[in-house]
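Secondary and tertiary structure notes
So the chains spell out like this:
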Amino acid sequence: MCGIVGYTGERFASRILLDSLSRLEYRGYDSSGIALLTETNMQVIRARGKLRELSKKLEGEMTDARAGIGHTRWATHGVPSEKNAHPQLDPFGRVAVVHNGIIENWEDLRQQYGQGLFSSDTDTEVLAHMLVGGLDAGLDLVEAVQLILSKARGAYSFLAVDSQQPDRLVGARVGNAGGLVIGISEDESIVASDVSALLPYSQEFIFLESNEIVDIRPSVVEIFSSDGERKIRSPERLSLDPVTAAKGTYKHFMLKEIHEQPETLLNGMRGRYSGTSETIDLSSELNHERFSIENLKEINRCLIVGMGTSMHAAMIGRHYLEQFARIPTEVDNSAEFRYRRPLLDEKTLVISVTQSGETVDTLAAMEEAQRAGCPQITLSNSVGSQTTRLADSTIMLHAGPEIAVASTKTMIASVIALHGLSLFLGKQRGLLQPEVEQEQVHQALLLPAAVSNVLNFTDEIDKLAEKYSASNNFLFLGRGLGYPVALEGALKLKEVSYIHAEGYSAGEMKHGPIALIDDQMPTLAICTQGDVHDKMRSNIQQIRARGGAVIALVSEGDSSMDAIATDTLIVPDIDPILSPIPAVVALQLFSYGIATRRGADVDQPRNLAKTVTVE
Ligand code: G6P
């Protein structure tokens, strides 16, 4: 989950590397570093803390360097500190390495290939020792990287430089611990963990596959297999917009992204939901052979995998798939799925939900499904990401860049994409009544306005946040579609404000959480679902009887909770099946309000990273 960058060309490397690193900081931000090369010298500068600490240290240093590598770290081996920051060097200071992922057998490798003393606690440093050992033994840089690939186990990617070949970078990728993308331009090459870091510099990219090595010079990029065989790869052209990634007038990216959600919904429905015919069509996005009407009729089970917020979106999607496509559907946490030897066959449709398209556990789950021959669809917000390369078809979320580490708009985009996919699959399987399709398309098109209404309530939600911002524990309860909303409400609060929050199914409350209830433990109860409304009322009464405060999240016009709840949080009254969307947006604002009052770093919460590429 670290971010790595490299540059070689005619321009000042330090500026370009720092700029690219700033676009990767969402991957990790506990320390950072850079190695800069001139014809005669290599300088390595590292700093603990965020990238600004490195920028300060770099001022005026090595301004003439035209090549280098950089890193922003999310610690796995060794505490965040200057000595554990990357680049890591060999004992003689000849080569420097930046690395993402985990070298599982690093301790053994240290014993076998150490070239002298180790100065850090990282698994990375041994790669520098191995490289220099290879070079000293007369290997070329690419051959020395081959040696590493043949010995180092795990899922990782890295970039390295040799101070004796100052315009050259080498890199490799093994497994799914984050990619390496090379941006191609005239007379310069730039490489990074993902494409977002390269947008201002290139529109043509080569995506390194697993077990590939890249040898980069200013105007030549060569790809090799791990056996050293040269591979021919044409760059792919992607036109993406770096400007939308800017924070604009918002205080935080999280707030900006929350406010973008009406547009996110529109973008997610554009070209899929037709307002004139009130029909749904995703045919252009699904691989026709794999998802022909005949094949879709054969599918007898759906499995949605994801992690974190994406898994909560998947839990909402399960209701849609069962209701509209009539396919028995399970949701699995990708990390658990892969280790329980799941029973899969080619009649199981596997849907992966992942904003980054790079989450290591979700990729591993997809590989498991691939081995079993399952048809696969991925929902991703990242063009060219790993999951889009593994799946048979991709449904892009079209949410635009999401910079804040805690997901907001990509969750809403995932939910609407699952809604659309379920309707479309139901229709193709001949199981969706045209009037249900019409009604659902009509209701979905009302969502952007409904979410705008929630955003208009920001002041009221903020007052609630003010009132509850001193609480150190929170319970979130919901039933049916309210359950994943409760889980997401708790997760968001936990992530951005560091408050201990538990999401529970309301039915489960009496089996444990009720023991925690007292006047110090407020509960947020999701009460927008008509069919479980009375049950939620009973839960609220039980909590109030034990002295707990309750904020009831209710639909506009529902006054039935006024007398029993301590406070109400009102969201627009829409079709109950779509109600998780405005409810989640209201809870995002609530968490944001509390987190900012507590002075938390909402965009980059401690210990978290936006893309989790390690297990
Ligand atoms: C991290 C992010 C979350 C995200 C989760 C899954 O934990 O901080 O916001 O929900 O990973 O990521 P994915 O990219 O697979 O959706």
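Criteria and thresholds
- Each chain carries its own residue numbering, running from 1 in the written order of its sequence.
- It should be noted that, the model being predicted, local features are given only for residues of pLDDT at least 70 and side-chain atom pairs only at 80 or more, the latter also being counted only at that level, while totals for whole chains, interfaces and linings use all residues.
- Water and hydrogen atoms were dropped before computing side-chain values, which therefore reflect all heavy atoms in the structure.
- A single heavy atom is enough: if one lies within 4 Å of a molecule or strand, its residue is considered near that molecule or strand.
- N or O atoms within 3.5 Å of each other form a polar contact, as long as, within protein, one can give a hydrogen and the other can take it, and as long as residues adjacent in sequence are counted only when both atoms are side-chain atoms.
- A cavity, in this analysis, means grid points on a 1 Å lattice covering only the protein atoms where a 1.4 Å probe fits yet has no way out; a pocket is instead an open set bounded by protein on both sides within 12 Å along at least five of seven lines, and a residue lines either one if it has an atom within 4 Å of a point.
- Placement in a cavity or pocket follows one criterion, namely that more than half of the molecule's atoms lie within 2 Å of its grid points.
- We call Asp, Glu, Lys and Arg charged. Ala, Val, Leu, Ile, Met, Phe, Trp, Tyr, Cys and Pro are nonpolar, and the rest, Gly among them, are polar.
- Here is the rule: rings of Phe, Tyr and Trp (six-membered ring for Trp) pair when centre to centre is within 6.5 Å. Planes less than 30 degrees apart are stacked, more than 60 are edge-to-face, and the remainder are tilted.
- Exposed residues in this analysis have more than 50% of their type's maximum accessible area, buried residues have under 20%, and partly exposed residues fall in between, with area computed by a 1.4 Å probe over protein chains only.
- Secondary structure elements are defined from DSSP: runs of H or I of at least 4 residues count as helices, runs of E of at least 2 residues count as strands, and each element is numbered from the N terminus.
- To sit over a ring, a charge needs its Lys NZ or Arg CZ within 6 Å of the ring centre and within 35 degrees of the ring normal.
- Paired strands, as defined in this entry, are two strands with at least two bridges between them according to DSSP.
- Lines fitted to C-alpha atoms define the axes, with helix axes restricted to the stretch in contact, and inter-axis angles between N-to-C directions lie between 0 and 180 degrees.
- Here, two residues are considered to be in contact whenever any of their heavy atoms come within 4.5 Å of each other.
- Grid points are joined across faces, edges and corners, and a volume is the space filled by probe spheres set on the points.
- Source of the domain bounds: an automatic or database domain assignment.

What follows deals with the site of the ligand. Contacts to the ligand come from 13 residues, most closely from S310, T354, Q355, S356 and T359. Contacts to the ligand include V405, whose backbone N or O atom sits 3.3 Å from an oxygen atom. Here an oxygen atom of the ligand sits 2.9 Å away from a polar atom, N or O, in the side chain of S407. Most atoms of the ligand, that is more than half of them, are within 2 Å of grid points of the second largest pocket. Looking at the shell around the ligand residue by residue, the class counts come to four nonpolar, eight polar and one charged.

Our focus in this paragraph is the packing of aromatic side chains. Evaluated as defined, the whole model comprises five aromatic pairs. Considering the side-chain rings of Y156 and F158, the 6.2 Å spacing of their centres and the 25 degrees angle between planes classify their relative orientation as stacked. For F158, a relative accessible area of 0% corresponds to the buried category. Residues F474 and F590 carry aromatic rings whose centres are separated by 5.8 Å and whose planes lie at 80 degrees to one another, so their mutual orientation is edge-to-face. Here F590 lies in helix α19 (residues 580-597) and F474 lies in strand β23 (residues 473-478), a separation of 116 residues in the sequence. Grouping residues by exposure puts F474 and F590 together as buried. Here the aromatic residues Y468, F474, F476 and F590 are joined through ring pairs into a cluster of three or more. Here the basic side chain of R389 rests over the ring of F207, its NZ or CZ set 4.1 Å away from the ring centre. Positioned above the aromatic ring of Y498, the side-chain terminus of R606 is 3.8 Å from the ring centre.

Taken together, the five strands give an open sheet; going across it, the order is β24-β23-β25-β26-β27, and neighbouring strands pair in parallel fashion. The two strands at the open ends of the sheet, each matched to only one other strand, are β24 (500-505) and β27 (567-571). Adjacent strand axes in the sheet meet at a mean angle of 20 degrees when their direction is disregarded. Relative to β24, β23 is paired through six bridges, and the arrangement is parallel. Paired with G478 across the two strands is S505, which belongs to β24. Those strands touched by helix α16 (residues 458-468) are β23, β26 (550-555) and β27, and its axis lies near 150 degrees from that of β27.

Enumeration over the complete set of coordinates arrives at one cavity of 30 Å³ or more. Counted as a void, the largest cavity has a volume near 70 Å³. Looking at the largest cavity, it is lined by 13 residues, and the ones nearest its centre are C2, R73, T76, H86 and D123. Class assignment for the residues of the lining of the largest cavity results in three nonpolar, eight polar and two charged.

With that out of the way, let us pick up the domain arrangement of the protein chain. One can read the domain layout of the protein chain as domain 1 (3-243), domain 2 (252-445) and domain 3 (457-597). Computed over C-alpha atoms, the centres of domain 1 and domain 3 are 45 Å apart.

Let us look at the layout of surface pockets. Put simply, the second largest pocket is a space of about 440 Å³. Elements supplying a minimum of two residues to the lining of the second largest pocket: α9 (308-325), β20 (348-354), α11 (360-371) and α17 (482-497). By residue class, the composition of the lining of the second largest pocket is eight nonpolar, nine polar and four charged. Each of domain 2 (252-445) and domain 3 (457-597) gives at least three residues to the lining of the second largest pocket.

Turning our eyes to something else, we now look at the environment of S185. Relative to the helices and strands, S185 resides in strand β9 (residues 181-185). Residue class for S185 comes out partly exposed when judged on its relative accessible area of 23%. Along the chain, S185 and R46 lie 139 residues apart, while their C-alpha atoms are 28 Å from each other. Beyond its immediate chain neighbours, meaning those up to four positions away, S185 contacts Y201, S202 and P218.

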